[in-house]
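Observations on the three-dimensional arrangement
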Amino acid sequence: MASDSCETPPWLQALNPEQRRAVEATEGPVLVLSGAGTGKTRVLTTRLAHIIASGLAAPWQVLAVTFTNRAAREMKDRLTAMIGPATEQIWLGTFHAVALRMLRRQPDCVALRPNFTVLDADDQLRLLKQIVQDDGLDPKRHSVQGLMAMVQRWKDRGLTPDQVTPEPAEPLPAARLITLYRRYQERLLALNAVDFGDLLLHALTLFKTHPDVLTDHQNRFRYILVDEYQDSNVAQYLWLRLLARPRYNICCVGDDDQAIYSWRGAEVDNILRFEKDFPNARVIRLERNYRSRPHILKAASGLIEHNKNRLGKALFSGVSAGEETPWEESREKKVLVRGVWNDLREAEVVVEEIDSDHLRGRSFNQMAILVRASFQTRMFEERLIVLAIPYRIIGGVRFYERQEIRDAIAYLRVIVQPDDDLAFERILNVPKRGLGPATVRALHVLARAEGGSLQAAAERLLTTPKTARASLRTLMESLAAWRIAATILPPAGLVARVLEESGYTAMLWHAEHTPDAPTRLENLKELVRAVGGFEDLVEFLEHVSLVMEIDPGAEDDRVTLMTLHAAKGLEFDAVFLPGWEEGLFPHQRALDGGGAKALEEERRLAYVGLTRARHKVMISFAANRRVYNQILSAIPSRFLDEIPPDAVERHSDSGVYAGPRRPRRIGT
DNA sequence: AACCCGGAAATTTTT
DNA sequence: TTTCCGGGTT
């Protein structure tokens, strides 16, 4: 083993002792508890490089799973810089991407056929709604979204319809819910489709029902790395446990203080239980923070200490964070807290601060406004536009969720995958071609009678001369033509042709009365451009269903606006945290139902926000905020009182309730 | 099949 | 307030 050699390999030299231990502890289960800004990504990438460079395993014998696409991309980039093209051979990706890759190899093992589709949230809802209606339930009385959430939660826990245990206190009898779940799963299989939760559920089923497949994978993966382990759900945990056997060379990296996804089925318990789950596990703590200035660390640590359910970890400052940066100023030795009259004023104050920072030579790139809920960004956008400050929003309405993009993609799906009824139904009458509900109903009846797809039913319908509709014939002929074209044209060319020949662009061009038609046309052009980066249509569709976002443009100097959730893993010189009010942050939903657990998660979210900052944090709260049409009053967030007072400098506008206990300063 | 109207929900966070 | 959905009418 390379670590036995006398010379220290160069890639280890840049690490501190704890990091180095985390990298060199290759055998057996290891939990790396890495606090914010302690060099987690460096440890992960170095560990991978170390395993490969010292010959412990070939690249393709290593599996590294992340939670987000961004984390996967970042790791890939940094690893490529270290070990070059061998990176490509590592199994590196999000849980969902890796699971999908495995399922693609053996779709038949979980009753799928090749080329199965990955449905997005919108398709899932549509499908479930159909099932709910078929069951004679009124979608209005029983929220389809609520039912969907329930199904997803089951899937997050790795439960198939057969394994779901009846739960009391649900809106419907348990047996009926399970039937809905079962029908939903049956419909998905019939459509040759999976939803997001299925990727993991099926991957788990694959291992459970096919021991030979599991053994193959166990033999292949000598080393497993897991990022953001605190965000894993039960299904992911079970899947990892199976896969890691019998060597248990599994290294999980995470921070229980940054667990913010329980609403999506993540189990903080996974990380809290690690030592029990994996006997003889080594636990390595990374607590040396290289990111934030001491006052920020103090504020963040003081806040998170109010959580009871945590492993306990204390960050300390690794180096003095600031050398020669434009951020050295005396008044920013504390976390600034501003209390203002209303949300409008809050936007003014924050954007003014951003503007004056910029005038002092600080770049917009290094400033971020992190909000609790995405609707908060609007007010800031308006203000930024007034002062002509460039900004970018991360998250928001995602590119591939826009209507016109989903329509275009539905066309592609119909071409690639004739069984995809959802996509077919979506495009059947878009643009309008006289194929309305009556036609859809007829097709459904026929499809059900013959046990085939809607497209098969459509072909069949055309053979019965009496009912044959000219426009349906035209559509089916077009589809056939596009299918042939797909084998010749590059994907981008095909998309352009489909949009043209289907009449879709004509429809938009014609629709001058709708103000956003030009934007939509623009988006479609953007889509063609995005498709241009792919050589294979199927590959593109895969990318769409997993990545959901389009490559960000060139890095220019802009302020970033995003939610706190989206900010995890990022860092900025200055971070602005608006909306620290009871009811907004902590969010009302957390205060209503969830009890202490939900509140602790909100607190962790606040912790994540604070620890994104290198040099400067400004928190703000508004006494009044416009929600819908009404103006709501709120008192400052309890989190403000939980930050150690000596790490904070408060200024509140006159007349603004500044919170209990502390004397307030008036005016500035 | 296309249009109009009224009522209800919307705003937590995402692979 | 706006937007979306479903039902009813033309």
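Everything below is about the structure printed above this text.
Attention here is on the structure that accompanies the text. Note that the coordinates shown come from a computational prediction; the quantities given were computed from them, not determined experimentally. The numbers attached to residues start from 1 for each chain and follow its sequence in the written order. Chains carry letters from A onward and ligands carry numbers from 1 onward, assigned in written order. Only residues with pLDDT of 70 or above have their local features reported here, since the model is predicted, and side-chain atom pairs are shown and tallied only from 80 upward, although totals for entire chains, interfaces and linings are computed over all residues. Only hydrogens and water are set aside; all other atoms, that is, all heavy atoms of the structure, feed into the side-chain values.

**Focus on the environment of Arg360**
By the criteria applied, helices consist of DSSP H or I runs no shorter than four residues and strands consist of E runs no shorter than two, each listed in order from the N terminus. Positionally, Arg360 belongs in the loop between helix H15 (343-359) and strand S12 (367-371). For the pair Arg360 and Trp327, spaced 33 residues apart in the sequence, the C-alpha separation amounts to 8.9 Å.

**A word on the nonpolar core**
Of all hydrophobic cores here, the largest spans 47 residues; its most connected members are Leu63, Ile224, Val226, Tyr229, Trp239 and Leu240. Looking at this core, the element that brings in the most residues is helix H11 (residues 234-244), giving seven residues. Any two residues whose heavy atoms approach within 4.5 Å are treated as being in contact. Apart from the residues within four sequence positions on either side, Val226 is in contact with Val65, Phe95, Leu240, Ile250, Cys251, Cys252 and Val253. The nonpolar core is taken to be a set of buried Ala, Val, Leu, Ile, Met, Phe, Trp, Tyr and Cys residues, with the residues joined through side-chain atoms within 4.5 Å. Exposed residues in this analysis have more than 50% of their type's maximum accessible area, buried residues have under 20%, and partly exposed residues fall in between, with area computed by a 1.4 Å probe over protein chains only. In terms of nonpolar packing, the next biggest core, distinct from the first, is built from 46 residues, Ile427, Ala457, Val495 and Leu541 among them.

**Details of the protein's contact with DNA strand B**
Around DNA strand B sit 24 residues, and of these Arg372, Ser374, Gly436, His587 and Arg589 come closest. Polar contacts here mean pairs of N or O atoms no more than 3.5 Å apart (in protein, one a potential hydrogen donor and the other a potential acceptor; neighbouring residues in sequence count only if both atoms are side-chain atoms). Side-chain polar atom of His587 to a phosphate oxygen of DNA strand B: 3.0 Å apart, as the coordinates give it. At 2.7 Å from a phosphate oxygen of DNA strand B is found a side-chain nitrogen or oxygen belonging to Arg589. At the level of secondary structure, the elements contributing two or more residues to the surface near DNA strand B comprise helix H19 (437-450) and helix H26 (564-567). Throughout, the term near means that a residue has one or more heavy atoms lying within 4 Å of the molecule or strand in question.

**Description of the environment of Glu477**
Mapping Glu477 onto the fold places it in helix H21 (residues 470-488). Sequence separation of Glu477 and Glu459 is 18 residues, and the distance between their C-alpha atoms is 9.7 Å.

**Details of the packing of helix H5 (residues 95-105) against helix H9 (residues 196-209)**
At a closest axis distance of 9 Å, the pairing of H5 and H9 adopts a crossing angle of 50°. The angle between H5 and H9 places the two elements in the oblique class. The two elements H5 and H9 cross, and the hand of that crossing is left-handed. Note on element contacts: H9 touches H5 through Phe196, Leu199, Leu200, His202, Ala203, Leu206 and Phe207, opposite Phe95, His96, Ala99, Leu100, Met102 and Leu103. All amino acids are sorted into three groups, where Ala, Val, Leu, Ile, Met, Phe, Trp, Tyr, Cys and Pro are nonpolar, Asp, Glu, Lys and Arg are charged, and the leftover types, Gly among them, are polar. Broken down by class, the residue content of the contact of H5 with H9 amounts to eleven nonpolar, two polar and no charged. All axes here are fitted lines through C-alpha atoms, helices being fitted over the stretch that makes contact, and every angle between N-to-C directions spans 0 to 180 degrees. Comment on the angle field: the value is read as roughly parallel under 35 degrees, roughly antiparallel over 145, roughly perpendicular from 65 to 115, and oblique elsewhere. In this scheme the handedness of a crossing depends on how the near helix is turned from the far one: anticlockwise by less than a right angle means left-handed, clockwise means right-handed.

**Focus: the sheet that holds strand S8 (residues 282-286)**
Pairing between strands is defined by DSSP: at least two bridges between them are needed. Spatial ordering of the open sheet is given by S3-S2-S6-S7-S1-S8, a layout of six strands whose pairing is parallel. Of all strands in the sheet, those with a lone pairing partner are strand S3 (91-94) and S8, marking the two edges. Taken over all neighbouring pairs, the strand axes of this sheet differ in orientation by 15° on average, direction set aside. Pairing of strand S2 (residues 62-66) with strand S6 (residues 223-226) involves four bridges; the strand directions are parallel. Bridged to Ala64 within S6 is Leu225. Running over the sheet, helix H2 (residues 17-24) touches strand S1 (30-34) and S8 and is turned about 145° from S8.

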